[in-house]
Amino acid sequence: MTLSAAPSAPRFEHRTEPGPALGMGTPVPRLSWTVPHAGEGWEQTAYEVEITRGRTREPHLVRSREQVLVPWPAPPLASREAAEARVRVAHGEDWSPWSEAATVEAGLLHPSDWTARFISPAEIGAMDGRAPLLYGLVDVPGPVRSARLYATAHGIYSPSINGRRVDDTVLAPGWTSYRHRLRYHVYDVTDLVRPGENMLEVLLGNGWYRGRLGYLNDRAVYGDRLALLAQLEITTTDGAVHVLATDDTWRARESEVLADDLYDGQSTDLRLRGAPGPVSGVEVIEADLSALVAPDGPPIRPTGVLPAQRVWTSPSGMTLVDFGQNAVGWVRLRTRGLPEGTTVVIRHAEVLEDDELGTRPLRTARATDTWVLSGRDEVLEPSLTLHGFRYAEVTGVPDLRAEDLELVVVGSDLRRTGWFSSSHEELDQLHENVVWSTRGNFVDLPTDCPQRDERLGWTGDIQVFGPTATFLYDATGLLRSWLADLAAEQRPDGSVPHVVPGFRDDAASAVPAAAWGDAATILPWTLYQRTGDLELLERQLPSMRAWVDKVTALAGPDRIWRGGFQFGDWLDPTAPPEEPGRAKADPDVVATAHFARSSWIVAETARLLGRADEADKYQALTQEVRDAFARTFVTPAGRVLSDAQTVYALAIEWDLLPTQAQREEAGRRLADLVRAGGFRIATGFVGTPLVCDALTSTGHLDIAYRLLLQTRCPSWLYPVTMGATTIWERWDSMRPDGGINPGEMTSFNHYALGAVADWLHRTVAGLAPAAPGYRRLLIRPRPTAALTRAAARHATPYGEASVSWERSGGSMRLTVAVPAGASAEVHVPGADAPVQVGHGEHRWTAADPITDEDRRWTGATVRDLLDDPRTWAAVAQAAVTAGITPRGDAQAAEKLAAYLDSPATRVAHALAPEDHLPRARELHLRIADILGDTKDRR
């Protein structure tokens, strides 16, 4: 059987929202589809797209295997024009059924399509005043066939028609580089418009445009006047179009919102709701309509609700609420029977400190919502602010009940695409924490944290987290938009700002910094690898090239990027709390490694785009940088300058070591550094995504697992043991004694260090792309004695792929699912060669690659002893009990760093020379017993 099922309804560009794709920003949107089921041996050899425009149907037959981001086959769409598309696919002469039809509708593609103009209240709406409501009226003479609202704002806006909210999106138009790109949205409001008089009313808030922004207490970064651009187009059944566009006939009045700010919160006096007040005129203000752009990704909206788990009274007498999960959004509170004028205050925080709300990590952000009640029963819920929190403190509501509270989760409405599970409960919780940090920090753009006076698009954070983010969620549209902002804000000399969009134009904000500026090259490359979107690379190539050219000029003829400002391996766990950039890894090594990586990416991008001369130029540059790196930083034996975990991970994973012998020695040294660190993590933002891969690729998988599954601080699982439900900014954002890290930057929702989840997907479970867009899959699970099962699945551009493995009874069972249109290379543990498979589900049973012998120490050196978890735990505990290493196993491992090649019998002497330390003899006897027991077990 070779027939296939009907394909999915086509998807347009990277839009993921259900229903019609309104407001498409290109007249020729690319199409993608999946084939949910096909017979064995089926392969798409052709497809036919049927485009319906009005009453005209246009079939377009294409002989091609492509099904992802294929070209629009019909004439371009005009502004406002809608079309339906459906597709069928063929294998030879056998055609599938037609897919369901999908609707696409172009937005306003030209500035001349806008008759509306930006308007701002004339007498109200001051910086510290009440939030203004702008409104206009339109008379509709007959029944309505369709209606569309096109809108954006300087500030954030919430539109209603005839007293009903247009939809559930919030914080529109989101945050872009407003000076270069201002997003507008399109709403289908057909059901809200009626014959007769209609009122369009829009509440404006400060948002990112005029509210506080950044950690320097800036306000009104983009302007000090709120403004609205709105165009309501109503088509009646007779074909006439009636337009209500913002102009000087509109009016404004004050709302019940007394103050609003993304950092500080919202204050609302419900007694003022609907109350008559002064009416203000509006002024038309000049603005460049050519900066208007359509959305690439989904809007911000409520995406879930978390009920309160517990309500209690703190030691100081405050009423506290725990929602059980650190998340981003706001509190929804139901009040009953409270008198008019009652003031309700809700404060938010991520953690508790001394059993009270832990607000110190918020820095200057007040994160407080205040309500003055009207005397009626109310549902209190803000709409012009956002908080990152797990806990809330509520005042003004006697006898508060848990059932009256919910945490409304808010963020970009991204489609979930990736999952992971295993037999290890804490590891699964770590992965869940990564998911929640992704949700909380993807609010229209990728931010660093969602709670304090920052919440910025730090380039370094998303550069390292891109692979994980794009596995877990379909974030491509959001990240395409953010990369357009990056290119727009890139300086003429190629320098990349540290945060995008920027909140200051001073020179310091764009001083070139490795890993951060390299987001210009690495993130587009990540998106291409995960989606196959070559057009994105073509769009970003000028930005990518400009960054590498800037670094080339900084490095000079010797190709070493040295000196100047660098973030380096930011938040290395050994860095002092007040100096997060003081890492073990030499900053020049980090910078030059990134120079080589970015140059290589530009060379590969140029090659893919058919630009041979550019490809040759940057490939030659890459080789020059690699040679300079090796000459300057690498010894002939393979040691790398500064001898830190991060520098070895960079050198190994980015091909910076000229010989195989140097690579092998670098891998051995990296493994020894992990051992000597007591299997604790010793990397910051730069090294963390690479260290497990570097260990794995150099033959030290067991060491990578020891590092991954460590639970003592610093480690990935330490926060899990402390009750974390999101990823922390610092490895020790909370200290083991429950105190908050004293550093000024201490977020409890910061996804960067969760970049290890990509290794969980690719190596622990074994699901990785082998070709751009997952057209070919690499299935290579790497089991460990610590796990009996693991699984991952991902909604690739071709459909869902999955892998699961389970060890039991001396066997390992492997199950793999490959979507139609893709193929896979499967490495079955123990097999002599990989297996090539097509779509469908495939199963194998093999001998368990982990045997009892693998789990016992059978070596003779101190290194072997460290590598046996049980024996090492016993030795380390003996040293603690004897008072030799009171700080625990990490202190003991550090003492053994110089003895790794020594016989294991030397471990007692290395820990405590007999003649020098009290109780040394006691330790020697105990270790002799432990090693004797181990020998007997063998």
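This is a predicted model, so every value here is computed, not measured.

1. Considering the overall build of the protein
A tally of helices and strands in the protein yields 19 helices and 45 strands. The C-alpha atoms of the protein give a radius of gyration of 30 Å, which matches the 30 Å a tight globule of 938 residues would have. Each principal axis of the C-alpha distribution contributes one length, and for the protein these read about 100 × 75 × 60 Å. Residues classed as buried in the protein amount to 61% of the 938 residues present.

2. Quick notes on the sheet that holds strand S39 (residues 776–779)
Strand order in the open sheet formed by four strands is S38-S39-S43-S44, and the pairing between neighbours is mixed. Edge strands, defined here as strands with exactly one partner in the open sheet, are strand S38 (767–769) and strand S44 (835–837). Taken pair by pair, the neighbouring strands of this sheet meet at an average axis angle of 25°, ignoring direction.

3. Quick look at helix H8 (residues 612–633)
Between its first and last C-alpha atoms H8 spans 31 Å; for 22 residues at 1.5 Å apiece the expected length is 32 Å, and the two agree. Within H8, the full set of buried residues consists of Ala615, Tyr618, Leu621, Thr622, Val625, Arg626, Ala628, Phe629, Ala630 and Phe633. Against helix H6 (534–555), helix H7 (587–608) and helix H9 (645–653) lie the buried residues of H8.

4. What about the packing of aromatic side chains?
What the rule picks out here adds up to 26 aromatic pairs. Summarising the aromatic geometry, the rings of Trp312 and Tyr391 are spaced 6.5 Å apart at their centres and angled 85° between planes, so their arrangement reads as edge-to-face. Pair noted here: Trp312 is in strand S28 (residues 310–313) and Tyr391 is in strand S35 (residues 387–395), with a separation of 79 residues, a long-range link. The buried category is assigned to Trp312, whose relative accessible area is 15%. Among the residues examined, Tyr391 registers a relative accessible area of 12% and is labelled buried. Seen in terms of ring centroids, Trp516 and Phe685 are 6.5 Å apart; in terms of plane orientation they differ by 5°. Their pairing is stacked. Here Phe685 lies in the loop between helix H10 (660–676) and helix H11 (691–697) and Trp516 lies in the loop between helix H4 (476–489) and helix H5 (519–531), a separation of 169 residues in the sequence.

5. Observations regarding the pattern of salt bridges
By the definition in use, this model includes 68 salt bridges. The partner of Asp168 in a salt bridge is Arg301, with the nearest N and O atoms 3.0 Å apart. One end of the pair, Asp168, is in the loop between strand S13 (164–165) and strand S14 (182–183); the other, Arg301, is in strand S27 (residues 300–307), and 133 residues separate them in sequence. Residue classification places Asp168 among the partly exposed residues on the basis of a relative accessible area of 38%. The class of Arg301 is buried, set by a relative accessible area of 15%. When the shortest N-O distance is used, the salt bridge between Glu604 and Arg607 registers 2.8 Å. Here Glu604 and its partner Arg607 are both found in helix H7, three residues apart, which amounts to about one turn of the helix.

6. Some thoughts on the state of the cysteines
If you walk through the whole model with that rule in mind, you get zero disulfides. The thiol sulfur of Cys692 is not disulfide-bonded, and the nearest other cysteine sulfur, from Cys713, lies at 17 Å.

7. A look at the sheet that holds strand S37 (residues 418–422)
Taken in spatial order, the five strands of this open sheet run S37-S40-S41-S42-S45, and their pairing is antiparallel. Two strands lie at the open edges of the sheet, namely S37 and strand S45 (840–847), each paired on one side alone. Strand-to-strand, the axes of this sheet are offset by a mean angle of 5°, without reference to chain direction. Of the strand pairs in this sheet, S37 and strand S40 (residues 789–796) are connected by five bridges, and their pairing is antiparallel. Counted as the bridge partner of Gly418 is His794 from S40. Contacting S37 and S40, helix H3 (residues 459–472) crosses the sheet at an angle of about 80° to S40.

8. Points about the side chain of Arg730
Locating Arg730 in the fold gives a position in the loop between helix H13 (718–721) and helix H14 (757–765). Buried and without a salt bridge, Arg730 has Asp732 as its closest oppositely charged side chain, separated by 5.4 Å. A polar side-chain atom of Arg730 sits 2.8 Å from the main-chain carbonyl oxygen of Pro577. The residues touching Arg730, leaving out its near neighbours within four places in the chain, are Leu571, Pro577, Asn741, Gly743, Glu744, Met745, Thr746, Ser747 and Leu753.

9. Some details on the pairing of strand S22 (residues 257–261)
In regular strands, side chains alternate between the two faces of the sheet. Two elements, S22 and strand S23 (residues 265–269), share four bridges in a ladder whose sense is antiparallel. Directly across from Ala259, in S23, lies its bridge partner Ser267. Hairpin connection of S22 to S23: three residues between the antiparallel strands.

10. Let's talk about the packing of H5 against H7
Packed helices, taken two at a time, are described by the angle between their axes plus the distance between the axes. For the pair H5 and H7, interaxial distance at closest approach is 9 Å and the crossing angle is 45°. With respect to H7, the axis of H5 lies oblique. Note that H5 runs across H7; the crossing there is left-handed. Residues Thr521, Ile522, Trp525 and Tyr528 of H5 form the contact with H7, whose participating residues are His594, Arg597, Ser598, Trp600, Ile601, Val602, Glu604, Thr605 and Leu608. Across the contact of H5 with H7, the residue classes tally to seven nonpolar, four polar and two charged.

11. Comments concerning H10
Look at H10: 24 Å from first C-alpha to last across 17 residues, which is about the 24 Å you get at 1.5 Å a residue. Among the residues of H10, Gln662, Glu665, Ala666, Gly667, Arg669, Leu670, Ala671, Asp672, Leu673, Val674, Arg675 and Ala676 are the ones counted as buried. Lining the buried residues of H10 we find H9, H11, helix H12 (701–709), helix H15 (862–867) and helix H17 (889–895). Once H10 finishes, Gly678 follows within two positions and takes phi at roughly 70°, a positive value.

12. Focus on the nonpolar core
One finds Leu708, Trp716, Trp759 and Trp872 to be the most contacted residues of the largest nonpolar core, which totals 209 residues. For this core, the element with the highest residue contribution is H7, accounting for nine residues. Beyond its immediate chain neighbours, meaning those up to four positions away, Trp872 contacts Phe679, Arg706, Leu865, Leu866, Asp889, Ala892, Ala893 and Leu896. With 29 residues, the next largest nonpolar core counts Ile124, Leu192, Leu200 and Leu204 among its residues.

13. Points about the side chain of Arg680
Within the secondary structure layout, Arg680 lies in the loop between H10 and H11. Polar side-chain contacts of Arg680 include one of 2.9 Å to the backbone oxygen of Gly678. A polar side-chain atom of Arg680 sits 2.8 Å from a polar atom in the side chain of Asp889. In this structure, Arg680 is in contact with Gln645, Val674, Leu707, Gln710, Arg712, Cys713, Pro714, Asp889 and Ala890, ignoring residues within four places of it in sequence.

14. Details of the packing of H9 against H10
At a minimum axis distance of 9 Å, the contact between H9 and H10 shows a crossing angle of 150°. Classified by the interaxial angle, the pair formed by H9 and H10 is roughly antiparallel. Helix-helix and strand crossings are classified by hand; for H9 and H10 the assignment is left-handed. Of H10, the residues touching H9 (which contributes Gln645, Tyr648 and Ile652) are Arg663, Ala666, Gly667, Arg669, Leu670, Leu673 and Val674.

15. A look at unusual backbone geometry
Residue Pro173 is reached from Ala172 by a cis peptide bond, and omega for that bond is 10°. Along the chain, Pro173 turns up in the loop between S13 and S14. A cis amide bond links Cys713 to the next residue, Pro714, at an omega of 0°. Looking at where Pro714 falls in the secondary structure, it is placed in the loop between H12 and H13. Phi is positive for Leu69, close to 55°, though the residue is something other than glycine. As for its placement among the helices and strands, Leu69 is situated in the loop between strand S5 (56–62) and strand S6 (82–91). The buried category is assigned to Leu69, whose relative accessible area is 13%.

16. Regarding the pairing of S35
Counted residue by residue, S35 has eight buried out of nine residues, so it is predominantly covered. For strand S29 (residues 319–335) and S35, the ladder comprises seven bridges, and the chain directions are antiparallel. When the sheet's bridge partners are listed, Thr319 is paired in S35 with Val394. Of the pairings in the sheet, the one linking strand S30 (residues 343–349) to S35 comprises five bridges and is antiparallel in character. The partner of Val345 across the bridge, within S35, is Thr395.

Thresholds applied
Residues numbered from 1 in each chain as written. Predicted model: local features only at pLDDT ≥ 70, side-chain atom pairs only at ≥ 80, totals over all residues. Heavy atoms only, no water. Helix = DSSP H or I, 4+ residues; strand = E, 2+ residues; numbered from the N terminus. Rg over C-alpha atoms; globule rule 2.2 N^0.38 Å. Buried < 20%, exposed > 50% of the residue type's maximum accessible area, 1.4 Å probe, protein only. Pairing = 2+ DSSP bridges. Axes fitted to C-alpha atoms, helices over the stretch in contact; angles between N-to-C directions. Expected span 1.5 Å × (residues − 1). Contact = heavy atoms within 4.5 Å. Phe/Tyr/Trp six-rings, centres within 6.5 Å; stacked < 30°, edge-to-face > 60°. Salt bridge = Lys/Arg side-chain N within 4 Å of Asp/Glu carboxyl O. Disulfide = S-S within 2.5 Å. Lys, Arg positive; Asp, Glu negative; His and termini not counted. Polar contact = N/O pair within 3.5 Å; in protein donor to acceptor, adjacent residues only side chain to side chain. Parallel < 35°, antiparallel > 145°, perpendicular 65-115°, else oblique. Left-handed = near helix turned anticlockwise from the far one by under 90°. Nonpolar A, V, L, I, M, F, W, Y, C, P; charged D, E, K, R; others polar. Core = buried A, V, L, I, M, F, W, Y, C linked by side-chain atoms within 4.5 Å.

From the geometry alone we can't say anything about function, so treat these as descriptive.
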